[in-house]
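Here's the letter readout for the chains.
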Amino acid sequence: MTKYLTVLGKTLLRNNIAGLQLFDIARECGRKKFYVLWSGGGDSGVVTDYMIKHMAVDGVKAVNTGMHGTGWNEWMQETAYKMGWSLEILKRKDGKTYEDIILNNRSLRGFPHFGMHMIIMKELKLKPLMDYVRDHKDEKVCFVSGVWLEESSRRENSMREYMLPITREGNLWFIAPMWNWTEEQFGQYRKENNIPISPQNKEWHIPMDCHCGAFARPEERGLLSVVDPDQFTRITNLEQECSKRGLKYCRWGNENEAKEQLLPLEYYVCGTDCKRRE
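Residues numbered from 1 in each chain as written. Predicted model: local features only at pLDDT ≥ 70, side-chain atom pairs only at ≥ 80, totals over all residues. Heavy atoms only, no water.

Caption draft 1: Here's a closer look at the side chain of serine 44. Mapped onto the secondary structure, serine 44 falls in helix α3 (residues 42–54). We classify serine 44 as buried; its relative accessible area is 8%. Polar contacts involving the side chain of serine 44 include one to the main-chain carbonyl oxygen of glycine 41, which spans 3.3 Å. (Helix = DSSP H or I, 4+ residues; strand = E, 2+ residues; numbered from the N terminus. Buried < 20%, exposed > 50% of the residue type's maximum accessible area, 1.4 Å probe, protein only. Polar contact = N/O pair within 3.5 Å; in protein donor to acceptor, adjacent residues only side chain to side chain.)

Okay, here's the thing in structure tokens:
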């Protein structure tokens, strides 16, 4: 099935198939329930609002990474209520924290950087989705992603190589109904429909749903100390513990600009807001 979906996805891409047609194709593949993924960023907000109004999705899911900005959970709940969105915030069931991962994951050996994004993404974002799918097998879930092809000129070539309108990774299924939208369309929809954007995204261009640090700009560390001092204190305490344990990567964030390269699954789960820092 995975090989079939890869061939199918490339065909859909070539023929500019998007929107409702992707839902029909996913249903033909056995998917029943469709949940749009929302992070609180501007792009995912557009996708969420549009999907609810025009595609009849079954609800909205957000992932509590355990490393979100202070107040993110409350802002998400309040905003969903105001918008009339049926939101459920998912979190991993085993209780493992960001600190547990940083201190004990042998692949990371400390804080993640851009080359380790897939590792930390699986721990923080993928695991809660996998838990949900496993506990709701009868729903035959398909997640609706907000990834779009022209999100960044620097990423476009990479996305053309990897991104498909429909994909599957194990028991996780994803469709990207708005993959062919343009930046102009996103901007116009956001303005005309007053799409809410989380405070840190809006004011500082820092994704509020996840401060894992894998794509943090060099200057973001100092910025975070002002924007979210509680989170900054948490990070500095963890840095000290990493140093005590002799881990290789004891400093949060990147000393140099992160390279614009993601693996296929990272596009769907993290979406565009994860790296929209321009």
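Caption draft 2: Local environment of the pattern of salt bridges. Following the criterion strictly, the structure yields 16 salt bridges and no others. A salt bridge links arginine 27 to aspartate 24, with the shortest nitrogen-to-oxygen separation between them at 3.5 Å. With arginine 27 and aspartate 24 both in helix α2 (residues 20–28), this residue pair falls 3 residues apart, about one helical turn. Given a relative accessible area of 41%, arginine 27 falls into the partly exposed group. Among the residues examined, aspartate 24 registers a relative accessible area of 40% and is labelled partly exposed. Between glutamate 239 and arginine 221 there is a salt bridge; the shortest N-O distance is 2.4 Å. A residue pair is termed long-range when its members are at least 10 positions apart, and glutamate 239 in helix α11 (residues 229–244) and arginine 221 in helix α10 (residues 220–227) qualify at 18 residues. The burial state of glutamate 239 is the same as that of arginine 221; both residues are buried. By sharing partners, the salt bridges in this structure join Lys93, Lys127, Asp131, Arg134 and Asp135 into a single network. (Salt bridge = Lys/Arg side-chain N within 4 Å of Asp/Glu carboxyl O.)

Caption draft 3: Broad picture of the packing of aromatic side chains. One pass over the structure, following the stated rule, counts 11 aromatic pairs. When the centroid spacing of 5.9 Å and the interplanar angle of 85° are considered together, the rings of tyrosine 35 and tyrosine 132 count as edge-to-face. Here tyrosine 35 is found in strand β1 (residues 33–37), whereas its partner tyrosine 132 is found in helix α6 (residues 117–135), with 97 residues between them in sequence. For tyrosine 132, a relative accessible area of 6% gives the class buried. Look at tryptophan 38 and tryptophan 85: their rings are 4.9 Å apart centre to centre, the planes differ by 90°, and that puts the pair in the edge-to-face class. With a gap of 47 residues between them, tryptophan 38 in the loop between β1 and α3 and tryptophan 85 in the loop between α4 (72–83) and β3 (87–90) connect regions that are remote in the sequence. An identical accessibility class is assigned to tryptophan 38 and tryptophan 85; each is buried. (Phe/Tyr/Trp six-rings, centres within 6.5 Å; stacked < 30°, edge-to-face > 60°.)

Caption draft 4: The arrangement of the nonpolar core in detail. With 39 residues, the main nonpolar core has Met51 and Ile175 as its most contacted residues. Beyond its immediate stretch of four places on either side in the chain, methionine 51 contacts Phe23, Val36, Ala56, Val57, Val144, Pro177 and Met178. Within the second largest apolar cluster, 19 residues are counted, among which are Tyr98, Met116, Leu238 and Cys242. (Core = buried A, V, L, I, M, F, W, Y, C linked by side-chain atoms within 4.5 Å. Contact = heavy atoms within 4.5 Å.)

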